[in-house]
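Descriptive structure summary
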Amino acid sequence: MKALSWIAAPLWPLQLASGQKSFRANPLIGSPALNRRGLHLARVRIAERMAEARRAQLAPRIDAGSRAAYERDGFLVIGNALPADDFAALRRDLEEAPLRSWERREGSTVTRRGSLDLPDIRGRAPLERLMANPMMADLLRYVAGCGGEPLIHLQTVLAEGDAERPDPQNSLHMDTFHSTAKAWLYLQDVGPEDGPLLYVPGSHRATPERLKWEYDLSIGAAHADDPEIAAGSFRIGEEMLAALGYPAPRAMAVPANTLVVANTHGFHARKASTKPTSRSEIYGSLRRNPFLPYTGLHIRSLPGLRGHLSTRQAQTEAALSLLGVKGPWVEVTPKRISDPASI
């Protein structure tokens, strides 16, 4: 084990009560002996019960139909999410004026994120209206089962369609062991060959079969050949999905101005495309410590952080890079949604 890992050893027990998911980074979380005795399953079960309790507190802000659809499927699909005039103005703004941007590469796919921090959108009325609209944030909180301040930005996914350089996001997976949420407000039509989101309906629920599967994986996860599994993002094949009683994945081939919000503890992926594709969306995510008994008191809501999250995240990664910890994101020149990748 690296010396730096031993320096973190005093934190290992504390991380059991946090969102830390890596079986390899924390020898307690990754312990085969402890997981045989049910450590991983205990974290999954407790986190799920606490998310349900917090979700009940957040429910009054969500209509009954959306709550029922989430309970059934683990995701929501909302067509015509914005008024037509607002959506058209938003598209024009993002096509004509660039935003401060960062890019990362995974296999043959480049993902670009553009800042929607308040200083970056000041004077751009369509973006200011978007960020003042609480709809996406409220749905993210409900689906994640936690309160707090989501990270929302412009995202463009540029897939080169090269099967020789696979994108790990093309494999069906769960992000972590507890409820967490992501949202996509699509700025273009997304067809079946445009790399749509795949989601397995109902896979947000911890069924007995799912728990047994996670239990078996947890015992050897720390030494798994797949680094994503070792990091706590379990992968699954479609044959195993059927064995666990889940249906086939549903592709979110949807028209522009559709909002999709999903619990990414459920199995999901980005469908691989055999051709180069590009799609843009307003993207949101929310993940907090799953063992918190309350919905408020989020550090991201503090002055200086709220409305400046992309900037603060970039500053944190820059500081870590000075310590030799290189992050996946690279700052590029400001970009519009139609601009090509820089990396």
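Below, the structure is looked at part by part. (Residues numbered from 1 in each chain as written. Predicted model: local features only at pLDDT ≥ 70, side-chain atom pairs only at ≥ 80, totals over all residues. Heavy atoms only, no water.)

**Points about the layout of surface pockets**
Over the atoms a probe the size of a water molecule is rolled, and this reveals where empty space is left. How we decide: A pocket, in this scheme, is an open set of points on a 1 Å grid over the protein atoms alone with protein on both sides within 12 Å along at least 5 of 7 lines, while a cavity is a set where a 1.4 Å probe fits but cannot get out; residues line either one if an atom lies within 4 Å of a point. Grid points are joined across faces, edges and corners, and a volume is the space filled by probe spheres set on the points. Asp, Glu, Lys and Arg are counted as charged, while Ala, Val, Leu, Ile, Met, Phe, Trp, Tyr, Cys and Pro are counted as nonpolar; the rest, among them Gly, fall into the polar class. Runs of E in the DSSP output that reach at least two residues are strands. Runs of H or I that reach at least four are helices, and both are numbered from the N terminus.
When its volume is computed, the largest pocket comes out at roughly 1800 Å³. Lining the largest pocket are 46 residues, with Lys21, Arg104, Arg113, Arg287 and Trp329 sitting closest to its centre. Broken down by class, the residue content of the lining of the largest pocket amounts to 15 nonpolar, 14 polar and 17 charged. In this structure, the second largest pocket encloses a volume near 530 Å³. Met131, Ala132, Glu149, Ile152 and Arg306 are the residues nearest the centre of the second largest pocket, which is lined by 27 residues in total. Contributions of two or more residues to the lining of the second largest pocket are made by helix 7 (118-121), helix 8 (125-132), helix 9 (135-144) and strand 4 (151-159). Grouping the amino acids of the lining of the second largest pocket by side-chain chemistry returns 18 nonpolar, three polar and six charged.

**What about the environment of Ser218?**
So the rule is basically this: Any pair of residues with heavy atoms lying within 4.5 Å of one another is described as a contacting pair.
By the element assignment, Ser218 lies in helix 10 (residues 208-220). In sequence terms Ser218 and Ala230 are 12 residues apart; their C-alpha atoms lie 9.0 Å from each other. Not counting chain neighbours up to four residues away, the residues in contact with Ser218 comprise Phe23, Asn35, His40 and Phe234.

**Section: the packing of helix 4 (residues 39-58) against helix 10**
Note the following rule: Each axis is a line fitted through C-alpha atoms, and for a helix only the stretch in contact is used; angles between axes span 0 to 180 degrees, taken between their N-to-C directions. For classification purposes, angles smaller than 35 degrees are called roughly parallel, those larger than 145 roughly antiparallel, those between 65 and 115 roughly perpendicular, and all remaining angles oblique. Take the far helix as the reference: if the near one is turned anticlockwise from it by less than a right angle, the crossing is left-handed, and if turned clockwise, right-handed.
At a minimum axis separation of 9 Å, helix 4 and helix 10 run at an interaxial angle of 140°. Overall, the two elements helix 4 and helix 10 adopt an arrangement that is oblique. Handedness of the helix 4/helix 10 crossing: right-handed. In this structure, helix 4 contributes His40, Leu41, Val44 and Arg45 to the contact, and helix 10 contributes Leu211, Glu214, Tyr215 and Ser218. Along the lines of polarity and charge, the residues of the contact of helix 4 with helix 10 split into four nonpolar, two polar and two charged.

**Side note on helix 13 (residues 309-322)**
Here is the rule: Any helix carries an expected span of 1.5 Å times its number of residues minus one. A simple rule labels every residue: compare its accessible area, found with a 1.4 Å probe on the protein chains alone, to the largest value its type can have, and call it buried under 20%, exposed over 50%, or partly exposed in between.
The end-to-end C-alpha separation of helix 13 is 20 Å, in line with the 20 Å expected for 14 residues at 1.5 Å each. Here helix 13 has its buried residues at Leu309, Ser310 and Thr311. On the buried face of helix 13, the contacting elements are strand 2 (99-106), helix 7 and strand 4. Positive backbone phi, approximately 90°, marks Gly324, located one or two places after helix 13.

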